[in-house]
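# Remarks on the overall topology
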Number of protein chains: 2
Amino acid sequence: MKDMASMIPTFDDVVAAHRRIAPYIHRTPVLTSSYFNELTGAELFFKCENFQKAGAFKVRGACNAVFGLDDDKAKKGVATHSSGNHALSLSYAAGRRGIPCHVVMPRTAPEAKKAAVRGYGGQITECEPSTTSREAVFAEVQERTGAEFVHPYNDLRVIAGQGTCSRELMEQTDGLDAVIAPIGGGGMISGCCLTLSNIAPDVQIYAAEPEQADDACRSLKAGHIIADDAPVTVADGLKVPLKENTWHFVSNYVTDIFTASEQEIIDAMKLTWQRMKIVMEPSCAVPLATILKYPEAFRGKRVGVIITGGNVDLDRLPWMAG
Amino acid sequence: MKDMASMIPTFDDVVAAHRRIAPYIHRTPVLTSSYFNELTGAELFFKCENFQKAGAFKVRGACNAVFGLDDDKAKKGVATHSSGNHALSLSYAAGRRGIPCHVVMPRTAPEAKKAAVRGYGGQITECEPSTTSREAVFAEVQERTGAEFVHPYNDLRVIAGQGTCSRELMEQTDGLDAVIAPIGGGGMISGCCLTLSNIAPDVQIYAAEPEQADDACRSLKAGHIIADDAPVTVADGLKVPLKENTWHFVSNYVTDIFTASEQEIIDAMKLTWQRMKIVMEPSCAVPLATILKYPEAFRGKRVGVIITGGNVDLDRLPWMAG
């Protein structure tokens, strides 16, 4: 086993990832809003990964993992367990390379999510909705197929891929004082840390998290990973805990982690839809919710805000009753 | 009274409008979608006026009218009767010039719409929800204030302003075979006709209309304006009839008008939100609904699609029950 230091990706890995994935991803636009600038007293630059291929930034890391495989490994395909954007993104990436993608999903996952994964070419194997069943079924799938496991975030290829997002953001803006992104498992934030600590070390890196899933915030304060068992939040992309690779970046480079309540997240989400006319996930609203809650941390600054994805169930919007 | 021909705006008026309004409007982006290209067999270029100031293309015409006034006239302000995007846009434009904007709205209009107009600085005078009351109240407001009437679409300054949209679209794309936009009163379509007949006369101009408010389609077939009394459609920006100035352009330059059912409009709207991650009004979905319904008219062509606005009540989306 290699020691940790030798495994940590470098900025060269981000540059290599960017070259590798460029044909398969969008260089997403950066939007501004005079309304939100007035409201917050900051100058905000929204990096719109909701417009990304497969609807989320996760396609960056997934493509880097898939297109970095040598031909022999690639032939056997890739595999993951996820019912979210990583499953879509890995299916998309594998489809572009023409290799299989195996996704283990709970039998109870919404039919729409299964259909979306299949729509991108993913092959679903169902498990029972428990960790034991998921692990057993995933092991069986890997054994049977020999597919390469690509973890949603605790994977160095994935982190290097996510690092391409903040690289574009810096190229698209004329200097920033801070960048803020939502934090779940920490893949996007780790990518920001990796890139910004190299090309813009003065830029402060903030993470934003639901109060009801504030394990990363508590981890940062405690100095070690704290994992919650089953947090409940509308920001369903942010329920997962940090793992050792993302903890390395979060613990070394993140200035602070702010939290917002469920209602603050929903209000910020609705306000963004109303004023910016973009469809984005509840998770993406957490950064803006915290900027509105702690304006003194951002006032007068040029702040990059990463809108991480746009895959929303339009029949179940969080501000609708029922 | 001047004769009609001498009053029709020319492309020089569009160029002058563009210069006049440039500081107050966005040059909105043109988005593409590989998903919709595959689905339709056409190459679609979506001109996103939902990202426009005040949330709709109408701000182009409103700004041209407001900033074209001489100082003496401007001092007395502008006035209109509208409960839709024109009221917001005229309020925004007047606010930027620092002059009053008087809006006559039915007492029964949704509180959210009144709040939005006031949010942009418009001064509302309420009338009863009848044409008689509206005309009487509007006459009283004009008499009292001396404000300049700016009609939502049957106004040559407004038409010249809307013509700037298709001018940008042509600059932003590498040639088009056709442009399609929704048609209500015909302001946007007239602007397209004015501009394209001058700078790109080979581009076919199509309009799209709800089946349940198909007065423009019937007018084109009949060769004269047909006005419906009170059409009912989810595309609430498209209920108004053509008037003489817009009829001039529609009757001379529009190749065809396609219609779509309510369900087709709602489906196309929802699909656009899902796949393009943009918030747009039901009216904007009518063009895509007709492209999906009549693919043979568009297959293999490069088609500009004008997304006219994004001011939607997020609490009452048309695909939600109730």
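Shown above is the structure to which this text applies.
Small disclaimer: the values here were computed from a predicted structure and weren't measured.

Definitions and cut-offs
Residues numbered from 1 in each chain as written. Chains lettered and ligands numbered in written order. Predicted model: local features only at pLDDT ≥ 70, side-chain atom pairs only at ≥ 80, totals over all residues. Heavy atoms only, no water. Pairing = 2+ DSSP bridges. Helix = DSSP H or I, 4+ residues; strand = E, 2+ residues; numbered from the N terminus. Least-squares fit on C-alpha atoms with pLDDT ≥ 70 in both. Contact = heavy atoms within 4.5 Å. Polar contact = N/O pair within 3.5 Å; in protein donor to acceptor, adjacent residues only side chain to side chain. Axes fitted to C-alpha atoms, helices over the stretch in contact; angles between N-to-C directions. Parallel < 35°, antiparallel > 145°, perpendicular 65-115°, else oblique. Nonpolar A, V, L, I, M, F, W, Y, C, P; charged D, E, K, R; others polar. Phe/Tyr/Trp six-rings, centres within 6.5 Å; stacked < 30°, edge-to-face > 60°. Lys NZ or Arg CZ within 6 Å of the ring centre and 35° of its normal. Buried area = accessible area lost by both parts, 1.4 Å probe. Salt bridge = Lys/Arg side-chain N within 4 Å of Asp/Glu carboxyl O. Core = buried A, V, L, I, M, F, W, Y, C linked by side-chain atoms within 4.5 Å. Buried < 20%, exposed > 50% of the residue type's maximum accessible area, 1.4 Å probe, protein only. Left-handed = near helix turned anticlockwise from the far one by under 90°.

Residues and elements named next belong to chain A. The strand order across the open sheet built from 6 strands is β1-β2-β10-β7-β8-β9, with neighbouring strands paired in mixed fashion. Two strands bound the open sheet, and with one partner strand each, they are β1 (30-31) and β9 (256-260). When strand β7 (residues 178-182) meets strand β10 (residues 302-307), the two strands line up parallel, connected through 3 bridges. Within β10, the position partnered with alanine 178 by the bridge is valine 303.

With that settled, the discussion passes to the relation of the copies chain A and chain B. Turning chain A through 180 degrees and shifting it by 0.0 Å along the axis lays it on chain B, with an RMSD of 0.0 Å. Overall, the copies show the geometry of a two-fold rotation axis. Closest to the rotation axis within chain A is the C-alpha of isoleucine 278 of chain A, separated from it by 2.2 Å. Looking at the interface residues of chain A, 100% of them are also at the interface in chain B, so both copies use one shared face.

Glancing now at the side chain of lysine 47 of chain A. All names here are of chain A. Mapping lysine 47 onto the fold places it in strand β2 (residues 43-48). Within the structure, the side chain of lysine 47 is placed 2.9 Å from the backbone oxygen of threonine 28, a separation counted as a polar contact. Beyond its immediate sequence surroundings of up to four residues, lysine 47 is in contact with Arg27, Thr28, Pro29, Val30, Arg60, Cys165, Glu168, Leu169, Gln172, Val305, Ile306 and Ile307.

As a further point, take the packing of helix α2 (residues 11-21) of chain B against helix α4 (residues 58-67) of chain B. Residue and element names in this part refer to chain B. The N-to-C vectors of α2 and α4 enclose an angle of 85 degrees; their axes lie 9 Å apart at closest approach. By the angle between their axes, α2 is roughly perpendicular relative to α4. Packed against α2, whose contacting residues are Ala17, His18, Arg20 and Ile21, the element α4 presents Arg60, Cys63, Asn64 and Phe67 at the interface. Here the contact of α2 with α4 is built from residues that sort into 4 nonpolar, 2 polar and 2 charged.

Turning our eyes to something else, we now look at the packing of aromatic side chains. Residues and elements named next belong to chain A. Under the counting rule described, the total for this entry stands at 23 aromatic pairs over all chains. Taken together, the aromatic side chains of Tyr206, Phe258, Tyr294 and Phe298 make up a single cluster linked through ring pairs. Between arginine 275 and the ring centre of tyrosine 35, over which it is positioned, the NZ or CZ distance is 3.8 Å.

Let us look at the interface of chain A and chain B. Tallying the contact residues gives 21 residues for chain A and 21 residues for chain B. Taken together, both faces of the contact between chain A and chain B bury some 1,800 Å²; the carbon and sulfur share is 59%. It is Lys277, Leu314 and Met320 of chain A that lose the most area in chain A upon contact with chain B, and together they represent 37% of the buried surface on that side. Counting across the interface, chain A meets chain B through 2 salt bridges. Among the ionic pairs, lysine 270 of chain B bridges to aspartate 315 of chain A, the shortest N-O distance being 2.8 Å. Taken together, the links from chain A to chain B amount to 12 residue pairs in polar contact (both at pLDDT 80 or more).

Let's shift gears to the nonpolar core. Membership of the largest hydrophobic core comes to 82 residues, with the highest contact counts inside it found for Trp273 of chain A together with Trp273 of chain B. In contact with tryptophan 273 of chain A, other than residues within four places in its own chain, are Ile278, Val279, Met280, Val312, Leu314, Leu317 and Trp319 of chain A together with Trp273, Val279 and Leu314 of chain B.

With that settled, consider the packing of α4 of chain B against helix α6 (residues 85-97) of chain B. Residue and element names in this part refer to chain B. Between α4 and α6, whose axes approach to 8 Å, the crossing angle comes to 40 degrees. With respect to α6, the axis of α4 lies oblique. Considering the relative orientation of α4 and α6, their crossing is right-handed. Between α4 and α6, the residues in contact are Lys58, Val59, Ala62, Cys63, Val66 and Phe67 and Asn85, His86, Ser89, Leu90, Tyr92, Ala93, Ala94, Arg96 and Arg97, respectively. When its residues are assigned to classes, the contact of α4 with α6 shows 9 nonpolar, 3 polar and 3 charged.

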